[in-house]
Amino acid sequence: MKEIKSDEYRVALLPVGAEELCGAGHTVLFESGAGLGSGIADAQYAAAGARVVDRADEVWARADLVVKVKEPQRAEWPLLRPGQVVFTYFHFAADEPLTRAVLDSGITAIAYETLRDAKGGLPLLTPMSEVAGRMSIQEGAKYLERPQEGRGILLAGVPGVAPAEVAILGGGIVGSNAAKVAAGLGATVRILDINLDRLRYLDDIMPPNVTTLYSDRHTILETIERSDLVVGAVLITGARAPRLVRREDLARMKNGAVIVDVAIDQGGCVETSRPTTHRRPTFVVDGVVHYCVTNMPGAVGRTSTYALCNVTLPYVLQLAEHGWRQVAAEVPGVAEGINIDRGRVTNKAVAATFGLPYAPWNAPADSPVTAC
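Enquirer: Sorry, what's going on with the overall build of the protein chain here?
Expert: Secondary structure summary: the protein chain contains 11 helices and 14 strands in total. What you see for the protein chain is a C-alpha radius of gyration of 21 Å, in line with the 21 Å of a compact globule of 372 residues. Taking the principal axes of its C-alpha atoms as reference, the protein chain extends roughly 65 × 50 × 35 Å. Per-residue burial for the protein chain yields a buried fraction of 54% across its 372 residues.

Enquirer: What's the story with the sheet that holds strand E14 (residues 344-345) in this structure? I'm lost.
Expert: In any sheet, the strands associate via hydrogen bonds between backbone groups, in a parallel or an antiparallel arrangement. Read across the open sheet, the five strands follow the order E3-E4-E5-E13-E14; overall the sheet is mixed. Either end of the sheet is taken by a strand with one partner, and the two such strands are strand E3 (65-67) and E14. Bridge count for strand E13 (residues 338-341) against E14 is two bridges, and the pairing is antiparallel. Across the sheet, Ile340 pairs through a bridge with Val345, a residue of E14.

Enquirer: Could you clarify how one ought to interpret the packing of helix H1 (residues 15-23) against helix H9 (residues 301-322) in this entry?
Expert: Packed helices, taken two at a time, are described by the angle their axes make and the gap between the axes. Running from amino to carboxyl end, H1 crosses H9 at an angle of 25 degrees, the nearest separation of the two axes being 11 Å. Classified by the angle between their axes, H1 and H9 sit roughly parallel to one another. Remark: the crossing between H1 and H9 carries right-handed chirality. In this structure, H1 uses Gly17, Glu20 and Leu21 to contact H9, whose residues at the interface are Leu313, Val316, Leu317 and Ala320.

Enquirer: Sorry if this is basic, but what is going on with the nonpolar core here?
Expert: Soluble globular proteins: nonpolar side chains tend toward being buried together. Ranked by size, the top nonpolar core spans 68 residues in total, and within it Phe87, Val166, Ile168, Val189 and Leu229 carry the most contacts. Excluding residues within four positions of it along the chain, Leu229 makes contact with Ile137, Gly140, Leu144, Leu155, Glu165, Val166, Ala167, Val258 and Val260. Counting residues in each nonpolar core, the second largest holds 26 residues, with Val86, Phe92, Ile107 and Leu356 among its members.

Enquirer: Help me understand the pairing of E13, please; the structure alone is not making it clear to me.
Expert: In summary, the side chains of a regular strand alternate between the two faces of the sheet. Bridge count for strand E5 (residues 108-111) against E13 is three bridges, and the pairing is antiparallel. Counted as the bridge partner of Thr108 is Asp341 from E13.

How each quantity is defined
- Residues numbered from 1 in each chain as written.
- Predicted model: local features only at pLDDT ≥ 70, side-chain atom pairs only at ≥ 80, totals over all residues.
- Heavy atoms only, no water.
- Helix = DSSP H or I, 4+ residues; strand = E, 2+ residues; numbered from the N terminus.
- Rg over C-alpha atoms; globule rule 2.2 N^0.38 Å.
- Buried < 20%, exposed > 50% of the residue type's maximum accessible area, 1.4 Å probe, protein only.
- Pairing = 2+ DSSP bridges.
- Axes fitted to C-alpha atoms, helices over the stretch in contact; angles between N-to-C directions.
- Parallel < 35°, antiparallel > 145°, perpendicular 65-115°, else oblique.
- Left-handed = near helix turned anticlockwise from the far one by under 90°.
- Contact = heavy atoms within 4.5 Å.
- Core = buried A, V, L, I, M, F, W, Y, C linked by side-chain atoms within 4.5 Å.

In structure tokens:
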């Protein structure tokens, strides 16, 4: 399926995935041109056994399982049909209209970002978090340049001139990858988190120019006040990101400082954040540059596609072979990826975000739902 979100260059299936699915007896419909943004030609998919079709609506009309990268866009909502399974990133908590459209469609929505593995990790979110974390510093460094409305600061500094100060709100996959890159460039880095075990781990593995701090309101204010670049890297699985930086807090920040809010996919952890695109990635509020692109990894489509497909393909094969209900019942963590099923919200965090009724994924269709 070709992604139609602005500047999205990833594709959800590699030719090797098409070959394995076809070898297992499944029919793979592949929209022409879907792989070009990742440098993969239609001929490679055709050689792997996929049927390359010219129209997206044909894929939507015929496919029982639709595998994508980004959430269905408004133009795609009318193409969703009851009984269809869509496997992609949804990020429902940041988008109520999308949530209601999917509820009305009657599809089963299995979200990459909430599916867990046997250890409780987020295997389909992790590789894109790694990409976004590393990109956050790359983009932050660029927008600190004066022509980009930044402070005119070189992240690494030079002999005799101090490097930039970088604050990272959240010490998970995004935060740790951001810290590695920022520290490697020579910046002075602070990571804030509320998980002390995680802070101890990061303190052990990070270089000396990275400091770990317990995250509370006072520490956040003191940290953003001194920082040139702030990276929002907070995640509450399936739920809206907490607002850690308020509108009035921007007055404490340096003029020309940069915020890269990676949490924007889940609504953003900065009150003044709003979704942007790669074509228009930034805006300025109270002298602070905001970078809030909702599909950051899409800009490095080839790297991101291979990293994503490496982890999604095993699940795609199981879903195609056994059906989502059997896989959810037998494979640990898959059930947590089921966010919406045939008009019912089956993820508690999504239900709570919008005050919608919640129903377990395996509850009978006529069973009562629970208010959240």
